[in-house]
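Next come the chains, spelled out residue by residue.
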Amino acid sequence: ALAVPRGALAHARLVGSDPPDLCAGVPASADSRCVTGVVVAAPPPVIRLTFNEPVQPIGRGIRVVAPSGRRVERGPARASGRSVSVDVDAAEQGTYVVNWRVVSGDAQPGRGRITFSVGRPTATVAPAPDDRRTASRSPPCSFTARRTT
């Protein structure tokens, strides 16, 4: 039998966000709020994601897409311990899609998606510019774990 140390194949999990993720751990099809996310009255100046362990962004780390399909992050994501954040220009009313990619200290990559709406939800959520082919098939939050030997 192969013994694997506890946590050896673990990956970073999203445990909080600002704006908050209403659907953490809930399949998107189980709740209609998972499509549009929390509705906030004022646009957030920063998107902040908090994980269960320290992480670093992969590439730009966080991509934020406005209802029009325009990317609205201002600069690359910044990591600080268990949090990753990015400044945004989210002035448009409607639903925003936040895609994130991080790597934990044990080199396990993770990625996922949250949504939030400014003012009111949008009837159709815009996919990320490089995500159009798989947007309808992708779960709202998914992780990729790779075993290394």
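About the criteria used
Residues numbered from 1 in each chain as written. Predicted model: local features only at pLDDT ≥ 70, side-chain atom pairs only at ≥ 80, totals over all residues. Heavy atoms only, no water. Helix = DSSP H or I, 4+ residues; strand = E, 2+ residues; numbered from the N terminus. Buried < 20%, exposed > 50% of the residue type's maximum accessible area, 1.4 Å probe, protein only. Contact = heavy atoms within 4.5 Å. Areas by Shrake-Rupley, 256 points an atom, 1.4 Å probe, with all protein chains shown as cover. Pairing = 2+ DSSP bridges. Core = buried A, V, L, I, M, F, W, Y, C linked by side-chain atoms within 4.5 Å. Salt bridge = Lys/Arg side-chain N within 4 Å of Asp/Glu carboxyl O. Axes fitted to C-alpha atoms, helices over the stretch in contact; angles between N-to-C directions.

> Can you walk me through the overall build of the chain in this structure?
Assigned secondary structure in the chain consists of one helix and eight strands. What you see in the chain, going N to C, is helices and strands ordered as β-α-β-β-β-β-β-β-β. Residues counted as buried form 38% of the 149 residues belonging to the chain. Considering only residue pairs separated by 6 or more positions, the chain has 69% of its internal contacts joining residues 24 or more positions apart. Of the roughly 8300 Å² that the chain leaves accessible, carbon and sulfur atoms contribute 52%.

> I'm lost on the environment of Val97 in this one. Help?
Following the sequence through the fold, Val97 ends up in strand S7 (residues 94-104). Linking Val97 and Gly69, residues 28 residues apart in sequence, is a C-alpha distance of 9.2 Å.

> Sorry if this is basic, but what is going on with the pairing of strand S3 (residues 46-51) here?
A regular strand carries its side chains on alternate faces of the sheet. With four bridges joining them, strand S1 (residues 14-18) and S3 adopt antiparallel strand pairing. Note on S3: the bridge partner recorded for Asp18 is Arg48. In terms of strand pairing, S3 meets strand S6 (residues 83-87) through five bridges, oriented antiparallel. Residue pairing for S6: Thr50 is matched across the bridge by Ser83.

> Can you walk me through unusual backbone geometry in this structure?
Trans peptide bonds make up the majority, and among non-glycine residues the majority have a negative phi. A cis amide bond links Asp18 to the next residue, Pro19, at an omega of 0 degrees. Here Pro19 lies in the loop between S1 and helix H1 (33-36). Positive phi outside glycine occurs at Ala107, with the angle close to 70 degrees. As for its placement among the helices and strands, Ala107 is situated in the loop between S7 and strand S8 (109-118).

> Honestly, the nonpolar core in this entry has me stumped. Any pointers?
Across soluble globular proteins, nonpolar side chains have a tendency to be buried as a group. Core analysis: the biggest nonpolar cluster contains 24 residues, and Ile47, Leu49, Phe51, Ile62, Val64, Tyr96 and Phe116 have the highest contact counts within it. The set of elements that each furnish at least two residues to this core consists of strand S2 (38-40), S3, strand S4 (55-65), S6, S7 and S8. Take this core: its biggest share by element is four residues, from S7. Discounting chain neighbours no more than four positions away, the residues touching Val64 are Ile47, Arg70, Arg71, Val72, Glu73, Val86, Val88, Tyr96, Val97 and Val98.

> How should I be thinking about the pattern of salt bridges in this particular structure?
Once their charged atoms are close, side chains differing in charge can pair, the charge on each being opposite to the other. Scanning all chains against the criterion turns up two salt bridges. Across the pair Glu73 and Arg71 runs a salt bridge whose closest N-O atoms are separated by 2.4 Å. For Arg71, a relative accessible area of 35% translates into the label partly exposed.

> Could you clarify how one ought to interpret the sheet that holds S2 in this entry?
The strands making up a sheet are joined through hydrogen bonds of the backbone, oriented either antiparallel or parallel. The four strands lie next to each other as S2-S8-S7-S4, forming an open sheet whose pairing is mixed. Strands with a single pairing partner mark the edges of an open sheet, and in this sheet they are S2 and S4. Taking each pair of neighbouring strands and ignoring which way they run, the sheet shows an average axis angle of 25 degrees. The pairing of S4 with S7 spans seven bridges and is antiparallel. Its bridge partner being in S7, Ile62 is matched across the sheet by Trp100.

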